Amino acid sequence: MIKIIKNEQDTKKFGLELAKELKPGSVVALTGDLGTGKTTLTKAIAEGLEIRELITSPTFTIVQEYYGGKLPLYHFDVYRICDTEEMYELGYEEYFFGQGVCIVEWADLIIDLIPENAVIINIKYGKTPEERIYEIKNYNA
Ligand SMILES: Nc1ncnc2c1ncn2[C@@H]1O[C@H](COP(=O)(O)OP(=O)(O)OP(=O)(O)O)[C@@H](O)[C@H]1O
Ligand SMILES: [Mg+2]
């Protein structure tokens, strides 16, 4: 399905709603160009999971773990990954098929590893600086 996001507040609302549907083992795969709002959406989902810690995107860490909320959150940013082998080295299966929620920024770089039932959100820029177009699979917003 396609959803038009008018502004950042809409992104936040979407993330809070999506968080309600997430369960242990849920994977949310985010794709979209630089600055389309993958981290902003991740922060909203984290807020929906009642995680109070600050969500950051450190340059050289592929996965950040947050345990303060309703479910563990594993935030992947695979932008700098060179080879999917790196995902095996960090034991991605323990995360993807574990007891927490995984959010993956730049999921297209490891698309072969993304589970079939993952919520996939491809974000595109819209007509205004704040508009985004979400192309969503496996979730009815
Ligand atoms: N509708 C919107 N949704 C999300 N962010 C928006 C929106 N409109 C404007 N923005 C702005 O766009 C920027 C999005 O940055 P963000 O870091 O979330 O993007 P990103 O996709 O994670 O980037 P990167 O590719 O570097 O990881 C922020 O500065 C935010 O304020
Ligand atoms: Mg980001």
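Now for a look at the structure at hand. What you are looking at is a predicted structure, and each value in this text was computed from that prediction instead of being measured. (Residues numbered from 1 in each chain as written. Chains lettered and ligands numbered in written order. Predicted model: local features only at pLDDT ≥ 70, side-chain atom pairs only at ≥ 80, totals over all residues. Heavy atoms only, no water.)

In the first shell of the magnesium ion (ligand 2), the protein supplies Thr39 (OG1) and Glu105 (OE), at 2.1 to 2.2 Å from the metal. Separated by 66 residues along the polypeptide, threonine 39 in helix α2 (residues 38–48) and glutamate 105 in strand β5 (residues 101–105) bring together distant segments of the chain. Overall, glutamate 105 belongs to the buried group, its relative accessible area being 3%. (Donors = N, O, S within 2.8 Å, 3.2 Å for Na, K, Ca; no water. Helix = DSSP H or I, 4+ residues; strand = E, 2+ residues; numbered from the N terminus. Buried < 20%, exposed > 50% of the residue type's maximum accessible area, 1.4 Å probe, protein only.)

On to a nonpolar patch on the surface. On the surface, Leu34, Tyr79 and Leu109 cluster together into a nonpolar patch covering about 290 Å² of accessible area. Within the secondary structure layout, tyrosine 79 lies in the loop between β4 (73–77) and α3 (85–89). (Patch = residues over 30% accessible without salt bridge, like charges linked within 9 Å, V, L, I, M, F, W, Y side chains within 5 Å. Areas by Shrake-Rupley, 256 points an atom, 1.4 Å probe, with all protein chains shown as cover. Salt bridge = Lys/Arg side-chain N within 4 Å of Asp/Glu carboxyl O.)

Relative to the helices and strands, aspartate 10 is located in helix α1 (residues 8–21). Looking at aspartate 10, its side chain comes within polar contact range of the main-chain nitrogen of lysine 6, at 2.9 Å. If near-sequence neighbours (up to four positions away) are discounted, aspartate 10 is found in contact with Ile4 and Ile5. (Polar contact = N/O pair within 3.5 Å; in protein donor to acceptor, adjacent residues only side chain to side chain. Contact = heavy atoms within 4.5 Å.)

This paragraph deals with the site of ligand 1. Around ligand 1, a shell composed of 15 residues is seen, among which Glu8, Thr11, Lys38, Thr39 and Thr40 lie nearest. Within the contact set of ligand 1, a nitrogen atom lies 3.2 Å away from a backbone nitrogen or oxygen of asparagine 7. In the model, an oxygen atom of ligand 1 is placed 2.7 Å from a nitrogen or oxygen of the threonine 39 main chain. Looking at the shell around ligand 1, the elements that each hand over two or more residues are α1 and α2. Take the shell around ligand 1: its biggest share by element is three residues, from α2. Across the shell around ligand 1, the residue classes tally to three nonpolar, seven polar and five charged. (Near = heavy atom within 4 Å. Nonpolar A, V, L, I, M, F, W, Y, C, P; charged D, E, K, R; others polar.)

Here we come to the sheet that holds strand β1 (residues 2–5). Here we have seven strands laid out as an open sheet, ordered β1-β7-β6-β2-β5-β4-β3, and mixed in their pairing. The two strands at the open ends of the sheet, each matched to only one other strand, are β1 and β3 (63–66). Each adjacent strand pair in this sheet contributes to an overall mean axis angle of 20°, direction not counted. Here strand β2 (residues 27–32) pairs with β5 via four bridges, running parallel. Across the sheet, valine 27 pairs through a bridge with cysteine 102, a residue of β5. Packed onto the sheet, α1 meets β1, β2, β6 (119–125) and β7 (132–137) and runs at close to 135° relative to β1. (Pairing = 2+ DSSP bridges. Axes fitted to C-alpha atoms, helices over the stretch in contact; angles between N-to-C directions.)

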